Amino acid sequence: MTADDGLFALPEADHTPPGPPPAPAGARADAPLAVRMRPRSLAEVVGQAHLLHPGAPLRRLAEGGEAASVLLYGPPGTGKTTLARLMAAVAARRFVALSALTSGVKELRDVMNEARRHRDGQGRRTVLFIDEVHRFSRTQQDALLGAVEDGLVLLVAATTENPSFSVVSPLLSRLLVLQLQPLGEDDVRELLRRAVQDERGLGGAVSVTPEAEDALVRLAAGDARSAMTALEASADGVTGTGGTVVDVPAVERAVAEATVRYDRQGDQHHDVVSAFIKSIRGSDPDAALHYLARMLVAGEDPRFIARRLVVHASEDVGLADPMALQTAVAAARTVQLIGMPEARLALAQATVHLAMAPKSNAVIVGIDEAMSDVRAGAVGEIPAHLRHSRYTGARELGNGIGYRYPHRVPEGVLAQQYPPGGLVGKDYYRPTRHGGERDLRERLTRLRRVVRGEER
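Each value, and the rule that gives it
Residues numbered from 1 in each chain as written. Predicted model: local features only at pLDDT ≥ 70, side-chain atom pairs only at ≥ 80, totals over all residues. Heavy atoms only, no water. Helix = DSSP H or I, 4+ residues; strand = E, 2+ residues; numbered from the N terminus. Buried < 20%, exposed > 50% of the residue type's maximum accessible area, 1.4 Å probe, protein only. Contact = heavy atoms within 4.5 Å. Areas by Shrake-Rupley, 256 points an atom, 1.4 Å probe, with all protein chains shown as cover. Pairing = 2+ DSSP bridges. Right-handed = clockwise from strand over helix to strand, strands pointing away. Salt bridge = Lys/Arg side-chain N within 4 Å of Asp/Glu carboxyl O. pLDDT = per-residue confidence, 0-100. Axes fitted to C-alpha atoms, helices over the stretch in contact; angles between N-to-C directions. Parallel < 35°, antiparallel > 145°, perpendicular 65-115°, else oblique. Nonpolar A, V, L, I, M, F, W, Y, C, P; charged D, E, K, R; others polar.

1. Quick look at the overall build of the protein chain
From N to C terminus, the protein chain includes 20 helices and 7 strands. Per-residue burial for the protein chain yields a buried fraction of 45% across its 456 residues. A separation threshold of at least 6 residues defines the contact pool for the protein chain, and within that pool the share at least 24 residues apart is 73%. Carbon together with sulfur atoms contributes 53% to the accessible area of the protein chain, which is approximately 23,100 Å² in total.

2. Let's talk about unusual backbone geometry
With the exception of glycine, most residues fall at negative phi, and the peptide bonds are largely trans. Residues Met340 and Pro341 are joined by a peptide bond in cis, for which omega reads 10°. In this structure, Pro341 sits in the loop between helix H17 (323-337) and helix H18 (343-356). Positive phi, close to 60°, is recorded for Gln48, a residue that is not glycine. Position of Gln48 relative to the elements: it lies in the loop between helix H1 (33-36) and helix H2 (49-52). Judged by relative accessible area, which is 6%, Gln48 ranks as buried.

3. Considerations on the pairing of strand S3 (residues 126-131)
Extensive coverage of S3 is indicated by the burial of 6 of its 6 residues. Neither face of S3 is left uncovered, since the one carrying Thr126, Leu128 and Ile130 and the one carrying Val127, Phe129 and Asp131 both have all their residues buried. Pairing analysis gives 6 bridges linking strand S2 (residues 94-99) to S3, with the strands arranged parallel. Residue pairing for S3: Arg94 is matched across the bridge by Thr126. Handedness of the crossover joining S2 and S3 through helix H5 (residues 105-122): right-handed. Sheet topology note: the S3/strand S4 (residues 153-159) ladder contains 5 bridges and is parallel.

4. Re the pattern of salt bridges
A side chain of one charge can pair with a side chain of the opposite charge if their charged atoms are brought near each other. Considering all chains together, one arrives at 20 salt bridges under this definition. Note that Arg135 and Glu132 form a salt bridge whose closest N and O atoms lie 3.5 Å from each other. The class of Arg135 is partly exposed, set by a relative accessible area of 46%. For Glu132, a relative accessible area of 12% corresponds to the buried category.

5. With respect to the confidence of the model for the protein chain
On average, residues of the protein chain carry a pLDDT of 84, and 90% of them reach 70 or more. This model gives residues 1-25 a pLDDT under 50, and the stretch forms 89 contacts once residues within four places in sequence are excluded.

6. Quick word on the packing of helix H16 (residues 302-317) against H17
Remark: H16 packs on H17, axes separated minimally by 9 Å, with the N-to-C direction vectors making an angle of 170°. Comparing the axis directions of H16 and H17 gives the class roughly antiparallel. Counting all contacts with H16, which are made through Pro302, Arg303, Ala306, Leu309, Val310, Ala313, Ser314 and Val317, the residues of H17 involved are Ala324, Leu325, Ala328, Val329, Ala332 and Val335. Looking at side-chain class alone, the contact of H16 with H17 contains 12 nonpolar, 1 polar and 1 charged residues.

7. Brief notes about the sheet that holds strand S5 (residues 176-179)
If you walk across this open sheet you meet the 5 strands as S2-S3-S4-S1-S5, and the pairing is parallel. Of all strands in the sheet, those bounded by a partner on one side alone are S2 and S5. Neighbouring strand axes in the sheet, compared pairwise and without regard to direction, differ in orientation by 20° on average. Where strand S1 (residues 70-73) meets S5, 4 bridges bridge the pair, whose relative direction is parallel. Each residue of the ladder has a partner; that of Val70, found in S5, is Leu176. Together, S1, S2, S3 and S4 form the strand contacts of helix H4 (residues 80-89), whose direction differs from that of S3 by roughly 170°.

Below, the structure written as structure tokens:
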């Protein structure tokens, strides 16, 4: 079975006689451009300089150094599969590729049995590449522990998810975790130019204008495979009509919309949402709209976005702008009543409103401090004059006696103890000087003096 979540696609699991895996140059002429341009050596690998400089662990592994099982963690199209292949090419290692999407415990056991046979019979070690390892269940991941522990296989696992959350701790502790970064613009540009000129690629059949190259780099978003796919589609469109020049219109025709890398259950989901909220909190409506657009284009549930806006309205705006919560609730209601795509307007309106609103976290600080005190046991007895008194025998217990009704005085507020004795004078809500809380701050100061008997 094939695995295809690194820089380029992988061949079928190896059942060939001893020797290195087939060279990428052997790819069929009709294979996708990304497959034909698969790096054949470390010298052809672009990017990941932090892992491939002389003496770096990954370079030592790829050059036949110490054999340690590794986990390659990074976004798609950054070279995870290619690097695994190169590690298998040294020291006549045997190469087997599995995908967590289609493999189970049975397939793993079969691979282990074959690995043991090759090791004991031929002295040949097996490199086991597992793509999308985060999709393995805990049981499946546990099945790898023994083989990794005793060195039966050299495991090279790949994941696009944060391994701290997606890989079980016993397996993670046995792996060298190496994080790959999205390719830089210069890296993608180099790959594009190589693919245009190389005989394995387009062989100079087309040229790419600087503007089209810029568009391809931008659309790739650090993903080499996306860059190759977009280039190939653009070139096919041009040559199919007898042309030889890939320009911006050709790219636009071939790639109608950039693929947004966003996993609703994974890191990208959490990272984009985090950036969205922090942009609103930081009063940057433009950045907030960008992240909102990324979520909407990727198909995020608009109800989830609406809920985050409602929470944010109280958490980070609060009473500095009392209308913020109403706007967010209205947006959430609009999502329910109208749905997409029209509801995007209400979500955008609420996003801009919250981003531009004066900010205050006084409400969340206040309630969290109050709840913390309650959990710590700071509850105390409710003052007798505040207790319920409308039942037989309540007055005999002292309930309600001495309660002063605020509406009986012209000001509507009077001196009276409201909190339990141990919390008298405790200020939970501390308004800021931002927006509407500026006036609330002055009013609250006066109210506290009257209620606490500090002002007559």
